[in-house]
Amino acid sequence: MPEPDGWLGLDGARVVVAGGSGTIGAALVAGFEEAGARVANIDLRPEHGAVRVTADLSGVRAGADAMARAREGLGGVDVFVHAVGINDRRPIEDYSAADWERFVAINLTSAFATAQAALPGMREQGHGRIVFFSSVAGRSGHKLHGPYAATKGAINQLMRVMAHEYAEHGVTVNAVAPGYMDTALTQAYLEAHPEKRKALIDLIPARRFGQLQEVVGPVLFLASRQASFVNGQVLYIDGGRTVV
Ligand SMILES: NC(=O)c1ccc[n+]([C@@H]2O[C@H](COP(=O)([O-])OP(=O)(O)OC[C@H]3O[C@@H](n4cnc5c(N)ncnc54)[C@H](O)[C@@H]3O)[C@@H](O)[C@H]2O)c1
């Protein structure tokens, strides 16, 4: 199978987005489609994408099954983006055992299982791109982010090992790490704590939250042929939050 055509190399590309019904995920599906790709969306309720795979990705087997269905629908996978994630801000002592297991299952196990299932086909065809969603919280010790931060830090390490193991097969594996974005994930928290908005903005050199399209562009870049020698990196999309 030849590589897809176009400057980004995404025209005709077969792209799987896990979490493609989310705020960021839906924007990614639209962005990839605009670049000419065919997109499979794996989600609890997949409402976008040419191929729609309904799945609860919190188990290893579920991830593998869902990726197999997405691959079948697209006839192969050139790009896989994992954009599934949950957060729930609390002090460490307030998380139950079930909470912890849920975070690990949805944020981390789903990333491992889906990417693991995408990799053999990429290795066999000699090219592929994987992009995970990390977070600024995967690097810094922000309060009230215990399990979320732990799973995002783990995704960074999973990404680096996959990048190392598959580089010789023409596959790159990277992560994007958004800072505070105006999305559903942050909306509920900021509605409950409106006073936090200003305090958070004061921490961002750009003095504003990120917009959806500012995440889509970097993901398309990492998924593109233009990023063919970028491997094992966490790309922070944070208005400079992590430099101060
Ligand atoms: N929004 C932000 O500010 C922000 C910042 C940093 C990182 N991120 C990361 O970006 C990614 C996308 O975030 P978002 O803001 O679009 O969140 P979102 O809540 O809008 O979307 C998450 C998606 O994951 C899906 N999902 C949740 N549990 C699932 C399960 N068990 N099986 C299958 N699908 C499941 C949901 O249905 C939803 O479509 C996440 O990994 C998040 O951690 C977001």
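Our subject is the structure listed above.
Just so we're clear, the structure is a prediction, and the values are computed from it rather than from any experiment.

Peer 1: What's the story with the nonpolar core in this structure? I'm lost.
Peer 2: A general feature of soluble globular proteins is that nonpolar side chains tend to end up buried together. In terms of nonpolar packing, the biggest core is built from 41 residues, with Val16, Ile42, Met67, Phe80, Ile130, Phe132 and Val173 touching the most fellow members. For this core, the elements supplying multiple residues, two or more each, are strand E1 (14-18), strand E2 (38-43), strand E3 (51-54), helix H2 (60-74), helix H3 (97-125), strand E5 (128-133), helix H4 (146-166) and strand E6 (171-178). Formed by 25 residues, the second largest nonpolar core is a distinct cluster that contains Ile24, Ala27, Leu220 and Ala223.

Peer 1: Quick question: what am I supposed to make of the site of the ligand here?
Peer 2: The local shell around the ligand holds 25 residues, among which Thr23, Asp43, Leu57, Tyr148 and Thr183 are the closest. Within the side chain of Asp43, a nitrogen or oxygen atom sits 2.6 Å from an oxygen atom of the ligand. Residue Thr183 places a side-chain N or O atom 2.4 Å away from a nitrogen atom belonging to the ligand. Taken by itself the ligand offers 830 Å² of open surface, and the protein chains cover 90% of this. Elements with a contribution of two residues or more to the shell around the ligand: helix H1 (23-34), H4 and helix H5 (184-192). Among the residues making up the shell around the ligand, the classes are represented as 12 nonpolar, 10 polar and 3 charged.

Peer 1: What's the story with the sheet that holds E6 in this structure? I'm lost.
Peer 2: Pairing between the strands of a sheet comes from backbone hydrogen bonds, and it takes one of two forms, parallel or antiparallel. Taking strand neighbours across the sheet as the criterion, the 7 strands line up as E3-E2-E1-E4-E5-E6-E7 in an open arrangement whose pairing is parallel. Pairing within the sheet leaves two strands with one partner each, and these edge strands are E3 and strand E7 (234-237). Along the sheet, successive strands turn relative to each other by an average axial angle of 15 degrees, direction set aside. Across 6 bridges, the pairing between E5 and E6 is parallel. Residue pairing across strands places Gly128 opposite Val171, the latter belonging to E6. Seen against the sheet, H1 touches E1, E2, strand E4 (79-82) and E5 and runs at an angle of roughly 175 degrees to E1.

The rules behind the values
Residues numbered from 1 in each chain as written. Predicted model: local features only at pLDDT ≥ 70, side-chain atom pairs only at ≥ 80, totals over all residues. Heavy atoms only, no water. Core = buried A, V, L, I, M, F, W, Y, C linked by side-chain atoms within 4.5 Å. Buried < 20%, exposed > 50% of the residue type's maximum accessible area, 1.4 Å probe, protein only. Helix = DSSP H or I, 4+ residues; strand = E, 2+ residues; numbered from the N terminus. Near = heavy atom within 4 Å. Polar contact = N/O pair within 3.5 Å; in protein donor to acceptor, adjacent residues only side chain to side chain. Areas by Shrake-Rupley, 256 points an atom, 1.4 Å probe, with all protein chains shown as cover. Nonpolar A, V, L, I, M, F, W, Y, C, P; charged D, E, K, R; others polar. Pairing = 2+ DSSP bridges. Axes fitted to C-alpha atoms, helices over the stretch in contact; angles between N-to-C directions. Contact = heavy atoms within 4.5 Å.

Structural measurements only, silent on function.
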